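Geometric and topological summary
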Amino acid sequence: MSDSTENLGDVRPLYLNGQWSRSGQPLVVTNPATGKPFARAATVVRDDVRRAIANATAASPAWRALTGQQRGSFLLRAAAVLASRTEEIAKTITLENGKPLAQSRGEVGMTVDHLQWFAEEARRTYGRVVPQQVANKRHLVLQQPVGVVGAIAPWNFPLVLAVRKVAPALAAGCPVLLKPASATPLSAVHLAEAFDEVGLPAGVFQTVAGSAQEIGAEFFANPNCRKVTFTGSTEVGRELMRRAAESVTNLSLELGGHAPLVVFDDANLEQAVQGAMIAKFRNTGQSCIAANRVYVQRGAYDRFVEAFARQATALKVGDGLEEGVDIGPLIDRAAVDHALRHINQAVEGGAKVVCGGKRIGSDDSAFLQPTILTDVAPDALCMREETFAPVVPVVPFDDEAEAIRLANHTEYGLAAYVFTQNINRAWRMAEALEAGTVGVNDAVPSTSQCPFGGFKQSGLGRELGSEGIEAYLETKHVSFGGVE
């Protein structure tokens, strides 16, 4: 063990079959704000994943036999545990992810809300009776748990996006193996602690950290793992689809985004600017539904750019644990390098940097100035790819038809935003935009009770809402014949 890691304290454990395990080559967890390691986390190898799936399979009959109300009670109690530890968990999220502490507290709050929502949805996995067409038959449609679930969570919202998978799966009656991102494994420890504290039966929830290749290979090859759910990049999602095809594994994918934000002349300018600030710069721009392109009608364009740049320049950049910080570090140095490539390539093509555009600190720093670009060519990388950083091009347009064409000109379709005071236009835009979520005068549209997912190459299936639990249920038709 190197000198740089020997003083990091105990290895944070995995939760396997109701027991805590510190085996495996530990992951070193780095604070993006300092670039220094601050913790270690246990890992698994493929044989451990195989045993975890076997334990989940053994736990499945008893778990699915519980009533929805009984399963939901575990989620409600786990939610209460997490809520009582908000400050501790929020600090962990900020240390491993970098986001400002206030946003980490918000992530814990939304996690609690997701658990509470799906605790109640567990009671509502309805089937139906279907009218027969033959006199002596009767037809039932039942909803039953799909089985053991392998859940793969991302690093940008390490707790809440894990719970978007874990909570509905458990509510539906499915045991879950959660693989957290290697950069942010500690939030999963807190989640496991909550389930352990409320006495969740052994094998129903387990954590498996380590090699994505090994863990994913076992998820797809093991016939007892009936479903895989993943949040991450579209590139990785395509590879998972190829793997799933070999075993016809049930698959849900929440993938990349390239969200447009459209501002019309008639919009409330203050509301539109504030909405763009939230939609772009929340979580330092590292959100799949972040506004990656802003389109502003020409009549409001200059005023919007001026106000937007003024507010972006005023954002406080720093360590997320510091008071009043608005923008934390990106997840690592490579993320800044990626963003700078987008900025520099746009500038080489004629774009102007209105504000920002540079790394803050040394070449090893993960901090980037909030950046606004204008005069950006349509084929610039930032107009075609997800930047995943506090960088945004602002582009003028002339009319509604052009706005729709520009907004939909992408292979992605996760989210879109529209700011207008014209109700007729709002309806037209909401219907025309090719995105799974459309925020009309709303920069924070995601909520526990409504479905979340993407069109086109932004994914398959939906999380949250009633659709969120349906993703973990199989539909069975039962036909009774000979009914006299």
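Our subject is the structure listed above.
Scope of this entry: the structure provided in the associated data block. (Residues numbered from 1 in each chain as written. Predicted model: local features only at pLDDT ≥ 70, side-chain atom pairs only at ≥ 80, totals over all residues. Heavy atoms only, no water.)

Structural notes on the overall build of the chain
From N to C terminus, the chain includes 15 helices and 24 strands. A globule of 484 residues ought to have a C-alpha radius of gyration of about 23 Å, and the chain, at 23 Å, matches this closely. Taken along the three principal axes of its C-alpha coordinates, the chain extends 75 × 70 × 40 Å. Looking at the chain residue by residue over its 484 residues, the buried ones come to 55%. (Helix = DSSP H or I, 4+ residues; strand = E, 2+ residues; numbered from the N terminus. Rg over C-alpha atoms; globule rule 2.2 N^0.38 Å. Buried < 20%, exposed > 50% of the residue type's maximum accessible area, 1.4 Å probe, protein only.)

Let's talk about the sheet that holds strand β14 (residues 352-355)
In space, the seven strands of this open sheet follow the order β14-β17-β18-β13-β12-β20-β21, with mixed pairing throughout. Pairing within the sheet leaves two strands with one partner each, and these edge strands are β14 and β21 (437-440). Adjacent strand axes in the sheet meet at a mean angle of 25° when their direction is disregarded. (Pairing = 2+ DSSP bridges. Axes fitted to C-alpha atoms, helices over the stretch in contact; angles between N-to-C directions.)

Points about the environment of A153
Positionally, A153 belongs in the loop between β7 (148-152) and α5 (160-172). Along the backbone, A153 and T231 are 78 residues apart, and their C-alpha atoms lie at a distance of 5.6 Å. Here A153 is in contact with A162, L178, K179, P180, A181 and T231, once residues within four sequence places are set aside. (Contact = heavy atoms within 4.5 Å.)

As for helix α2 (residues 68-84)
Residue pairs spaced three or four apart in an α-helix point in one direction, given the helix's 3.6 residues per turn. In this model, α2 (17 residues) spans 25 Å end to end at C-alpha, consistent with the 24 Å of a helix rising 1.5 Å per residue. Every buried residue of α2 is accounted for by G68, R71, G72, F74, L75, A78, A79, V81 and L82. Turning to α2, the residues buried within the fold contact α1 (46-65), α3 (86-97), α4 (101-121), α5 and α6 (186-197). (Expected span 1.5 Å × (residues − 1).)

Let's talk about the nonpolar core
One finds F195, F205, F304 and F308 to be the most contacted residues of the largest nonpolar core, which totals 84 residues. When residues no more than four places from it in sequence are discounted, the contact partners of F195 are L75, A78, L115, V166, L170, L200 and F205. One finds Y295, I343, M383 and F397 within the second-largest nonpolar core, a separate group that totals 31 residues. (Core = buried A, V, L, I, M, F, W, Y, C linked by side-chain atoms within 4.5 Å.)

A closer look at the pattern of salt bridges
As enumerated under the stated definition, the model contains 24 salt bridges in all. As a salt-bridge pair, D337 and R333 come within 3.8 Å of each other at their nearest N and O atoms. Of this pair, D337 and R333 both sit in helix α11 (residues 333-348), four residues apart, which is roughly one turn of the helix. The structure contains a network of salt bridges with shared partners spanning R46, D47, R50 and E218. (Salt bridge = Lys/Arg side-chain N within 4 Å of Asp/Glu carboxyl O.)

With respect to the environment of A471
Relative to the elements of secondary structure, A471 occurs in the loop between α15 (465-470) and β24 (473-480). The spatial distance from the C-alpha of A471 to the C-alpha of T371 is 38 Å, given a sequence separation of 100 residues. With sequence-adjacent residues up to four places away left out, A471 is seen in contact with K227, S252 and R462.

Some remarks on unusual backbone geometry
For N17, which is not a glycine, the phi torsion comes out positive at approximately 55°. Turning to its location among the elements, N17 is positioned in the loop between β1 (14-16) and β2 (19-21). The exposure class assigned to N17 is partly exposed, which follows from its relative accessible area of 29%. The phi dihedral of N283 falls on the positive side, at around 55°, and the residue is not glycine.

Digging into the packing of helix α13 (residues 400-408) against helix α14 (residues 423-432)
Where α13 contacts α14, the two axes come as close as 11 Å, and the packing angle between them is 30°. With respect to their mutual orientation, α13 and α14 come out roughly parallel. Considering only the axes of α13 and α14, their crossing is right-handed. When α13 is examined against α14, the residues E400, I404 and N408 are found in contact with a partner set consisting of R425, R428, M429 and A432. Broken down by class, the residue content of the contact of α13 with α14 amounts to three nonpolar, one polar and three charged. (Parallel < 35°, antiparallel > 145°, perpendicular 65-115°, else oblique. Left-handed = near helix turned anticlockwise from the far one by under 90°. Nonpolar A, V, L, I, M, F, W, Y, C, P; charged D, E, K, R; others polar.)

Structural notes on the packing of α3 against α6
Relative orientation of the contacting elements α3 and α6 amounts to 160°, with a least axis distance of 9 Å. Between α3 and α6, the angle is such that the two are roughly antiparallel. Classified by chirality, the crossing of α6 by α3 is left-handed. On α6, the residues touching E88, I89, T92, I93 and E96 of α3 are L186, S187 and H190. Here the contact of α3 with α6 is built from residues that sort into three nonpolar, three polar and two charged.

A few points about empty space enclosed by the protein
Empty space among the atoms can be located by rolling a probe the size of a water molecule over them. All chains considered together, the criterion is met by five cavities of 30 Å³ or more. Size it by volume and the largest cavity reaches roughly 60 Å³. In terms of lining, the largest cavity is formed by 15 residues, of which the most central are P260, A407, A415, E434 and A435. Of all elements in the fold, only β12 (259-263), α13, β19 (412-413) and β20 (415-419) reach the threshold of two or more residues within the lining of the largest cavity. Here the residues of the lining of the largest cavity are counted per class, giving nine nonpolar, four polar and two charged. Taken as a whole, the second largest cavity spans an internal volume of roughly 50 Å³. For the lining of the second largest cavity, the secondary structure elements donating two or more residues are β10 (225-231) and β11 (250-254). At three residues, the largest contribution of residues to the lining of the second largest cavity is made by β11. Among the residues forming the lining of the second largest cavity, the class breakdown is four nonpolar, four polar and four charged. (1 Å grid on protein atoms, 1.4 Å probe; cavity = no way out; pocket = protein on both sides within 12 Å on 5 of 7 lines; lining within 4 Å. Points joined across faces, edges and corners; volume = space filled by probe spheres on them.)

Quick notes on the packing of aromatic side chains
Scanning the model with the defined rule gives seven aromatic pairs in all. Consider the rings of F304 and F308, whose centres lie 5.2 Å apart with planes at 45°: the pair is tilted. Separated by four residues within a single helix, F304 and F308 lie in helix α10 (residues 298-313), roughly one turn from each other. As far as the burial class goes, F304 and F308 line up, both buried. (Phe/Tyr/Trp six-rings, centres within 6.5 Å; stacked < 30°, edge-to-face > 60°.)

Some remarks on the sheet that holds strand β6 (residues 138-145)
Read across the sheet, three strands follow the order β5-β6-β24 without closing on themselves; strand pairing throughout is antiparallel. Strand pairing shows two members of the sheet lacking a second neighbour, β5 (128-130) and β24, which therefore form its edges. Across this sheet, the average inter-strand angle for adjacent strands is 25°, counted without regard to direction.

Any link to function would need more than the numbers given here.
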